[in-house]
Each structure stands twice: as structure tokens, then as C-alpha cells.
Amino acid sequence: MTVHYFSPGPARLPEEVRTKIHAELLDTFGIGVSILEISHRSNQYERLNEETLQLAREVFCVPNTHEVLFSVCGAQQHFSLLIQHLSAPNDEIAYTDTGIWAHLACQEAFASGRKVHMVYNGGPDYKTLGVPQNWSVPTNSKFIHLTVNNTVYGTEYKAIPTFGNTPLVLDMTSSLAARNDIPWEKTALVYASAQKNFGIAGVSVVIIKKDFLEQSKQLTNLDHVGRALTYSALLEAKSALNTPPVMSIFCMNKMLHWIKQTGGIAVMEDWALQKANLIYKHFDDEFYIGRAERQYRSRHNFVFNLSTPEKDAHFIQAAAKQHILEIKGYKSLGGLRVSMYNGVSLESAKVMSEFMSHYKKKFG
């Protein structure tokens, strides 16, 4: 049975990746030992870890000006840690509130003791991302924080904005490995959990500019951050300061290989836009009502509803009968949300699009 699975995360893995993981799980290194068992200090694991770090640098197109780290912390932990690494108490920092996760990042900023400039607040409906070129970003802000794609509300910057000499901090949990326009020369830090576009839950990637990483050694001391929570300690330990999430890194390795062999980010981005077009062509009438304003629509999270909650529920039930799963909207928002990250095939996107056509013909 073929299942078309549109979870917002953990997200679908390509069938080739699932098959590869299955084939290697019990004897990962040809010595009768699984990745679940082998020592993280073994030569076999150290080679896997180093290969995955290099793959990440290559696949994400990271320049030599930046370091790549793997962290066991998720995005919500980085909300706090990044502030401590890039600013001192009483420094000024700039934030945007564009959705659930951006709002949580703002809460960490306000709790940090810094002076926070809220340069854009899209709440409470979060249907737009505003006009970045009109924002007033103080020039003495240590950085500006942007959530590139807002999964709950289905909004995304079509181009990542820059703000003069103010460094960017980018939450790219649902964007990294799927778009090729990161303005690296303006970017101090990128962070992303793996379970959307390039792996499974349990590991995140931090990409930090080298001069900011060097400065962070003093800044984290000012905030009394324990050494084990610093990005510099992770770098020195080659992302294996303590036992890393070995299964998550193993799966990320397989996913990164697949992305590379498939054609890299350019192909992932092209497919994402194709998949988005297949869904968005059904919006903007009185039947499928898109939530985000057109110019801010996400390429990954298609958030919409029918005319009543009862019709939303019927749509979900009808879809399940066609093996179309995980399309219920976020718990606080309701409606419907269809998510398509790198692991969702074009074929599944076409199935979803055809179902939407047939459902409207039958019940519209």
C-alpha cells in the first residue's frame, strides 16, 4: 500500500533513504554491529561523523567563512543559546514575530536581559510577513532574527531580506536544504533541526560565521554559559563533545547523500516550487480558502480551510480513505495543513492535487 504522508515534522523520508537505512541498520559498518550500538569513539563512527559534516557543508553550500556543527539541542534551545553567543547582557538585538516559533524566539529574547527591538509583529493572524525594506532596524543591533518559513501559518520570505550591516540570524528549520539563496556574507548564524528537509528528529545543524564564533567565547562567559553548551566546545570536539545522537546523524548522512545524488539544493528547490504550484492552483476560490496572503505563501506548508469546520473534518476523512494522511491543521489554528518537504515525492504531490480536484467536483 502506498501512503501519501504530509506530516509537518517529523517529515516523510524518500523511499530510497528509508530502504538504505533499513538495509544497513543491523550491520552498519560491515563488522556485525549496528549504528545503535557502536562506540561514538570508534574509528567507524568518527569516519561517519566527519563524512556527514563535510556532506552538510557541501549540500548546504556553506562557504569557508562559516563553521558547521551538529547539536543535540532543538530549535527552541537555540532560541536562547544564540542570544548568549552573539550578544552581551544589555546589548541591543532586533526580532520579528511572524508565527508560533518566531513568537517563542521573541519570548526568549525578552527574557535575556537585552534591549529587544521588535521591528515587525505580524500577529495575531500572521497572514503576512510585512515589507522588510520598510522596517526600522537600529544600526547598533547585534543581529536581527528571522524565521524564514513559518510552518503553522504557511508563510515564507520569497527572498531572504538583508538590512545593511546588521548580521542575520536565520531559523531555517523548515528551509535549510530546500532553498539556495542564503546571503552568507550577511549571515552570522543559521540553525535548523533536521526532521523537516534533511533527516530525522534528534539532531540540529548550527552554521556560524567564524569571527562570530571566536567572539562568542567571551560572550558566553559573560552569561555564565556552561562549556558543554557552547558552540566553540562543540566545534573543538568535532560535534562529539559527549555521545552524539548517532542514529539521527546516521539518517542525516543518508538523506544528505540522497540530496547530493539527486542534484543538490537546486533540484530540491525546483521540486518544492513544483509541488507548491500543484496545491496552490486550487486556492483562491470559495471552496479551498488559503490562509496566507498570496505573496507570502510557503513553498512547504499549504494552510487552508473549507467553509466550515465540519467540512474540514469531512475532507480529512475522505483523504484518509485514499491513504492521504496527516493533513489536519495545527491544534490552535484548525483547518487543514498539507506539508511537503524534500522527502515528499512529486508523485505524492500530484495525488494530493488530484484528490483536491475530485473532492471539489463531488462536494463543491
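Please read all numbers here as calculations on a predicted model, not as lab measurements.

A word on unusual backbone geometry
Backbone torsion omega between Gly 9 and Pro 10 reads 0°, so that peptide bond is classified as cis. The topology assignment puts Pro 10 in the loop between β1 (4-5) and α1 (15-24). Put simply, Gly 123 and Pro 124 share a cis peptide bond, and its omega is 0°. The topology assignment puts Pro 124 in the loop between β4 (115-121) and β5 (144-147). One non-glycine residue, His 323, adopts positive backbone phi at about 65°. Mapped onto the fold, His 323 is located in the loop between α9 (309-321) and β13 (324-325). In this structure, Glu 326 takes a positive phi of about 60° despite not being glycine. Along the chain, the position of Glu 326 falls in the loop between β13 and β14 (336-339).

Structural notes on the sheet that holds β14
Ordered by their spatial adjacency, three strands build an open sheet running β11-β12-β14, and the pairing between neighbours is antiparallel. Lying at the two open borders of the sheet, with one neighbouring strand each, are β11 (289-290) and β14. Alignment of β11 against strand β12 (residues 301-305), held across two bridges, turns out to be antiparallel. Within β12, the position partnered with Gly 290 by the bridge is Phe 304.

Calculation rules
- Residues numbered from 1 in each chain as written.
- Predicted model: local features only at pLDDT ≥ 70, side-chain atom pairs only at ≥ 80, totals over all residues.
- Heavy atoms only, no water.
- Helix = DSSP H or I, 4+ residues; strand = E, 2+ residues; numbered from the N terminus.
- Pairing = 2+ DSSP bridges.

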